[in-house]
Amino acid sequence: MTQTTRNIVMIRPAHFFSNPETRASNRFQKPGQDDAAAQDCARAEFDGYVTALRTAGVSVLVIDDESQGNTPDSIFPNNWISMHPDGRVFLYPMEAPNRRRERRDSVIARIRAEFAVGEVCDLSAFEDEGKFLEGTGSMVFDHDHRLAYVCLSSRSHPEVLAALLMQLDYQALVFDAVDRGGAAIYHTNVMMAVGSKLAVVCLESIQPASARQRVREQLQRHGKQIIDIDYTQMEHFCGNVIELADAAGNAVFAMSSRAWQAFTPQQQATLAANGTVAHAPLDTIENLGGGGARCMVAENFLPRHR
């Protein structure tokens, strides 16, 4: 399995707002106006980001969220679904009850129309036990080395992780990561990203120092050049980036404009030297949703129908 894909799935929001069911564990969510104007801004930001990705050569399958129902975080599909090159699709157990409604058969049917879906592996029964693993929010994959980086939180349970890794035949490097206030970081993908050659990581968030060193050494052992970001940069979503690919297989680094502007000039130069940078303003989505550019992308490694 290669590290990057050109094909992604994104869900255009029907009723985006700051989810009250996720605020307790997501310190990235900020208070703001949850009104029609905010929803209009979120849809405009979504559309602008899709345009930036397509311009960079990424193939984006946009699926509209359903207008009925309470799914304020549907814009972040990477938490409930992952799609793999052997045709398997995994569905994940979600902590917030209203997020569980995002798992829709109609989304999978839309994907099936263009891609070869074999087995659907549903892990959502773990919700009945109060155990969660929120997809590629909880896990940052190094597919080339069959490894998942995972920071523990209420949304990332070791037992669910073990069940998934057994099916994928992957290993995991598990650690604790905290924000500047000492609270557990809710998702691994807001504090680190792993690409084919680069890794962006907020090393200072990893506690204790021995765990920090383990992560650093693992990344270096697998040939990753580390872009070390600080807490302020993490809070500007510099960790919430993703490496995708264009039609020729060249790297595309997708992120919000806020994140791009928060990287230092030297870090920007490193990213630009290794691929195309695609960014768009996502301030409303990041502020109210507490997630950003990477959270909005569900990577699609499924084979296309011939």
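Being a predicted model, the structure only gives us computed values, none of them experimental.

With respect to the overall build of the protein
Secondary structure summary: the protein contains nine helices and 16 strands in total. Against the compact-globule benchmark of 19 Å for 306 residues, the protein has a radius of gyration of 18 Å, which places it among compact chains. In terms of principal-axis extent, the alpha carbons of the protein reach across some 45 × 45 × 40 Å. Evaluated residue by residue, the protein yields a buried proportion of 60% over its 306 residues. Accessible surface, the protein as shown: approximately 11,700 Å² in total, 49% of it carbon and sulfur.

Brief notes about the side chain of Thr4
You can see Thr4 is positioned in the segment before strand S1 (7-12). Exposure remark for Thr4: the relative accessible area of 16% places this residue in the buried category. With residues near it in sequence (within four places) discarded, Thr4 still touches Glu243, Leu244, Ala245 and Phe301.

Focus on the pattern of salt bridges
Summed over the entire model, instances satisfying the criterion amount to 20 salt bridges. One network of salt bridges, in which partners are shared, links Asp65, Glu66 and Arg104.

Observations regarding the pairing of strand S8 (residues 171-177)
Where strand S7 (residues 147-151) and S8 come together, five bridges link them in parallel fashion. Within S8, the position partnered with Leu147 by the bridge is Gln171. Of the crossover connections in this fold, the one passing from S7 over helix H4 (residues 158-168) to the parallel S8 is right-handed. As defined by bridge partners, S8 adjoins strand S11 (residues 206-207) across two bridges and the pair is classed as antiparallel. From the neighbouring strand, Ala177 faces S11, where its bridge partner is Ile206.

Concerning helix H8 (residues 265-274)
Inspection of H8 places Gln267, Gln268, Thr270 and Leu271 among the buried residues, and these make up the whole buried set. Buried residues of H8, seen end-on, are gathered within an arc of 160° and therefore sit on one face of the element. Exposed and oriented more than 90 degrees from the buried face of H8 are Pro265, Gln266 and Ala273.

Observations concerning the environment of Ala280
Turning to its location among the elements, Ala280 is positioned in strand S15 (residues 276-280). Expressed as a C-alpha distance, the spacing of Ala280 and Pro265, which sit 15 residues apart in the sequence, is 18 Å. Excluding anything up to four places from it in sequence, Ala280 contacts Gly48, Tyr49, Ala52, Met255, Ser256 and Ser257.

Considerations on the pairing of strand S10 (residues 198-201)
Side-chain alternation along S10 places Leu198 and Val200 on one buried face and Ala199 and Val201 on a second face that is also buried. Bridge count for strand S9 (residues 192-194) against S10 is three bridges, and the pairing is antiparallel. In the sheet register, Ala193 faces S10, and the bridge partner there is Val200. The antiparallel hairpin formed by S9 and S10 contains three residues in its connecting segment.

Some details on the environment of Phe76
Position of Phe76 relative to the elements: it lies in the loop between strand S2 (59-64) and strand S3 (81-83). Residue Phe76 is classed as buried on the basis of its relative accessible area of 3%. Separated by 219 residues in sequence, Phe76 and Cys295 place their C-alpha atoms 5.1 Å apart. Contacts of Phe76, omitting those with residues within four sequence positions, involve Arg99, Glu102, Ile285, Gly289, Gly291, Gly292, Cys295 and Met296.

A closer look at helix H2 (residues 105-112)
Burial in H2 covers these residues: Val107, Ile108 and Ile111. Buried residues of H2 fall within an arc of 95° about the axis and therefore sit on the same side.

Digging into the sheet that holds S3
Overall, mixed pairing links the three strands, which are arranged S3-S4-S5 in an open sheet. At either margin of the open sheet sits one strand with a lone partner, and together these are S3 and strand S5 (120-122). If you compare each strand with its neighbour and ignore which way they point, the axes differ by 15° on average. Here strand S4 (residues 89-91) pairs with S5 via three bridges, running parallel. Bridged to Val89 within S5 is Val120.

Considerations on the state of the cysteines
Two cysteines, two sulfur atoms, one covalent bond between them: this is a disulfide. Enumeration over the complete set of coordinates arrives at zero disulfides. Cys238 supplies the cysteine sulfur nearest to Cys202, a cysteine that is in no disulfide, at a spacing of 9.7 Å. On the accessibility criterion, Cys202 (0% relative accessible area) is buried. Take Cys295: it sits in no disulfide, and the sulfur closest to it among the cysteines is that of Cys151, at 12 Å.

Section: the environment of Ser153
Tracing the backbone shows Ser153 in the loop between S7 and H4. Between the alpha carbons of Ser153 and Asp246 there is a distance of 34 Å; along the sequence they are 93 residues apart. At 2.9 Å, the side chain of Ser153 and the backbone oxygen of Tyr186 are in polar contact.

Calculation criteria
- Residues numbered from 1 in each chain as written.
- Predicted model: local features only at pLDDT ≥ 70, side-chain atom pairs only at ≥ 80, totals over all residues.
- Heavy atoms only, no water.
- Helix = DSSP H or I, 4+ residues; strand = E, 2+ residues; numbered from the N terminus.
- Rg over C-alpha atoms; globule rule 2.2 N^0.38 Å.
- Buried < 20%, exposed > 50% of the residue type's maximum accessible area, 1.4 Å probe, protein only.
- Areas by Shrake-Rupley, 256 points an atom, 1.4 Å probe, with all protein chains shown as cover.
- Contact = heavy atoms within 4.5 Å.
- Salt bridge = Lys/Arg side-chain N within 4 Å of Asp/Glu carboxyl O.
- Pairing = 2+ DSSP bridges.
- Right-handed = clockwise from strand over helix to strand, strands pointing away.
- Arc of directions from axis to C-beta.
- Axes fitted to C-alpha atoms, helices over the stretch in contact; angles between N-to-C directions.
- Disulfide = S-S within 2.5 Å.
- Polar contact = N/O pair within 3.5 Å; in protein donor to acceptor, adjacent residues only side chain to side chain.

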